[in-house]
Amino acid sequence: MKKGQVPLERALSKLGLASRTEARSLVREGRVAVDGRPVTDPLFEVVPERARIDIDGHPAEKPRPVTILLHKPRGVVTTRSDPEGRPTVYGCLEGLDAHVVPVGRLDAATSGLLLLTNDTRFADWVTDPRNEVLRVYLVTVRGELSEDQAGEGERLVAGSVAVRKRSKRETHLVIKLTEGKNREIRRMLAALGHEVTKLKRVSFGGLELGELAAGEWREVTTEELREAFPGSARRG
């Protein structure tokens, strides 16, 4: 394999032209040509920056970079399709004409700020733990969680855990993390003996959820991204 070569299906996905599954189907259906030659093998190796790729006889031009901020509702899964038939985040994207993929994930029971983009370099940078991009969550748990337990939680998640208010019935927390490990907050609080009843991400990098209603989305401007993620690959 030459330097920079990737399977054709991945090249189409990285260019933001289709998902890996959609790209695989396009190639197998004979709708894709590389340097003027039809290719039907999705694993055919190409260098995306050098190859001339056509789809249905038209140049596969890289679309303009698009990043959107979605207020993901609770009960919606972060995937394109779900074998269990649950609603997905793509059902919230009415009116969007760009092919975007989630930047990380929120589990079905978690709501709040979710980014989706067609800029794979930007997505890779944001989700790389070495870049320590801050995420902020509002969390409600059953029962009273003490300040000492909150301090123990900080050690478990390598972040910060602050008690907003508490009662015998429930405790409200603000948790800040620089990694988005799957269900980490739920596992940490379960280890402390508290069940999470509500989990919402309200901030990601320098972006805030703000007043965006559940199920609504907006496009994030290039300037916003530059300010929210200084040093990222996202330059617009």
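Below: a short report on this structure. (Residues numbered from 1 in each chain as written. Predicted model: local features only at pLDDT ≥ 70, side-chain atom pairs only at ≥ 80, totals over all residues. Heavy atoms only, no water.)

## Some details on the pattern of salt bridges
Stage number 1. Summed over the entire model, instances satisfying the criterion amount to 18 salt bridges.
Stage number 2. Among the ionic pairs, E29 bridges to R31, the shortest N-O distance being 3.3 Å.
Stage number 3. Accessibility expressed as a relative area gives 53% for E29, which makes it exposed. (Salt bridge = Lys/Arg side-chain N within 4 Å of Asp/Glu carboxyl O. Buried < 20%, exposed > 50% of the residue type's maximum accessible area, 1.4 Å probe, protein only.)

## Quick look at the pairing of strand β12 (residues 170–177)
Stage number 1. The buried fraction of β12 is high, at 7 of 8 residues.
Stage number 2. As paired elements, strand β10 (residues 135–142) and β12 share 8 bridges and run antiparallel to each other. When the sheet's bridge partners are listed, T140 is paired in β12 with H172.
Stage number 3. Looking at chain direction, strand β11 (residues 160–166) and β12 are connected through 6 bridges and run antiparallel. When the bridges of β12 are listed, V161 appears paired with I175. (Helix = DSSP H or I, 4+ residues; strand = E, 2+ residues; numbered from the N terminus. Pairing = 2+ DSSP bridges.)

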